[in-house]
Amino acid sequence: QVQPVESGGGLVQPGGSLRLSCAASGRTFSGYAVAWFRQAPGEEREFVAAVRWSAGSTYYANSVKGRFTISRDNAKNTVYLQMNSLKPEDTAVYYCAARFDYTMSTYDYWGRGTQVTVSS
């Protein structure tokens, strides 16, 4: 099993930037798809971005496309989420999750989350 561990959350003003990190514990992310989800208070959890480790393919929610960038570092076994032009509506707990890169695989491995607050 792989255990994602998030870090990098904090308080930032609108228009600012923040980079979140998701490190793999237990094993590498090789053979997995890794994704970022977020959940605001009283809201449903929503998909933000994902990367398929082997292929390097990336996917983004329309709400963050052009502002957020997901990337992977093979040497550090870490996935990053670079967030630019942050808006108050980006405020949420951000979770990193992983799943096997197979058909019908579900996101079974989750980090504890890191708080991102965008406020003036």
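Everything discussed here concerns the structure shown above.
Residues numbered from 1 in each chain as written. Predicted model: local features only at pLDDT ≥ 70, side-chain atom pairs only at ≥ 80, totals over all residues. Heavy atoms only, no water.

Draft legend 1. Broad picture of the overall build of the chain. On a plain count of helices and strands, the chain comes out with zero helices and eleven strands. Scanning the chain from its N terminus toward the C terminus, one meets helices and strands in the order β-β-β-β-β-β-β-β-β-β-β. For a compact globule of 120 residues, the expected C-alpha radius of gyration is about 14 Å, and the chain comes in at 14 Å, within 12% of that figure. Based on the C-alpha atoms only, the size of the chain along its principal axes is roughly 40 × 30 × 25 Å. Taking all 120 residues of the chain together, the buried fraction comes to 38%. By element, 45% of the accessible surface of the chain is carried by carbon and sulfur atoms, the whole surface being about 6,400 Å². For the chain, the centre of its 12 positive side-chain charges and the centre of its 9 negative side-chain charges are spaced 7 Å apart. (Helix = DSSP H or I, 4+ residues; strand = E, 2+ residues; numbered from the N terminus. Rg over C-alpha atoms; globule rule 2.2 N^0.38 Å. Buried < 20%, exposed > 50% of the residue type's maximum accessible area, 1.4 Å probe, protein only. Areas by Shrake-Rupley, 256 points an atom, 1.4 Å probe, with all protein chains shown as cover. Lys, Arg positive; Asp, Glu negative; His and termini not counted. Charge placed at Lys NZ, Arg CZ, Asp CG, Glu CD.)

Draft legend 2. Examining unusual backbone geometry more closely. One non-glycine residue with positive phi stands out, namely asparagine 77, at about 50 degrees. For asparagine 77, the location among the structural elements is in the loop between strand S7 (68–73) and strand S8 (78–83). Positive phi, close to 50 degrees, is recorded for serine 85, a residue that is not glycine.

Draft legend 3. Examining the packing of aromatic side chains more closely. Going through the model one piece at a time under the given rule, you end up with nine aromatic pairs. Ring geometry for tyrosine 32 against phenylalanine 100: centres 4.9 Å apart, planes inclined by 25 degrees, an arrangement best described as stacked. Of this pair, tyrosine 32 sits in strand S4 (residues 32–39) while phenylalanine 100 is found in strand S9 (residues 92–100), placing the two residues 68 residues apart along the sequence. Phenylalanine 100 sits in the partly exposed class, given a relative accessible area of 33%. Taken together, Phe37, Phe47, Tyr95, Tyr107 and Trp110 form an aromatic cluster joined through their ring pairs. (Phe/Tyr/Trp six-rings, centres within 6.5 Å; stacked < 30°, edge-to-face > 60°.)

Draft legend 4. The arrangement of the pattern of salt bridges in detail. For the structure on display, the rule yields four salt bridges. The salt bridge partner of glutamate 46 is arginine 38, with a shortest N-O separation of 2.7 Å. Given the relative accessible area of 34%, glutamate 46 is considered partly exposed. Under the relative-accessibility criterion, arginine 38 is labelled buried at 5%. (Salt bridge = Lys/Arg side-chain N within 4 Å of Asp/Glu carboxyl O.)

Draft legend 5. Local environment of the sheet that holds strand S3 (residues 18–25). On the basis of which strands lie adjacent, the open sheet formed by four strands has the order S1-S3-S8-S7 and antiparallel pairing. Strand pairing shows two members of the sheet lacking a second neighbour, strand S1 (3–7) and S7, which therefore form its edges. Within the sheet, the average angular offset between the axes of one strand and its neighbour, ignoring direction, is 20 degrees. Pairing of S3 with S8 involves six bridges; the strand directions are antiparallel. Bridge assignment links serine 21 to a residue of S8, and that residue is tyrosine 80. (Pairing = 2+ DSSP bridges. Axes fitted to C-alpha atoms, helices over the stretch in contact; angles between N-to-C directions.)

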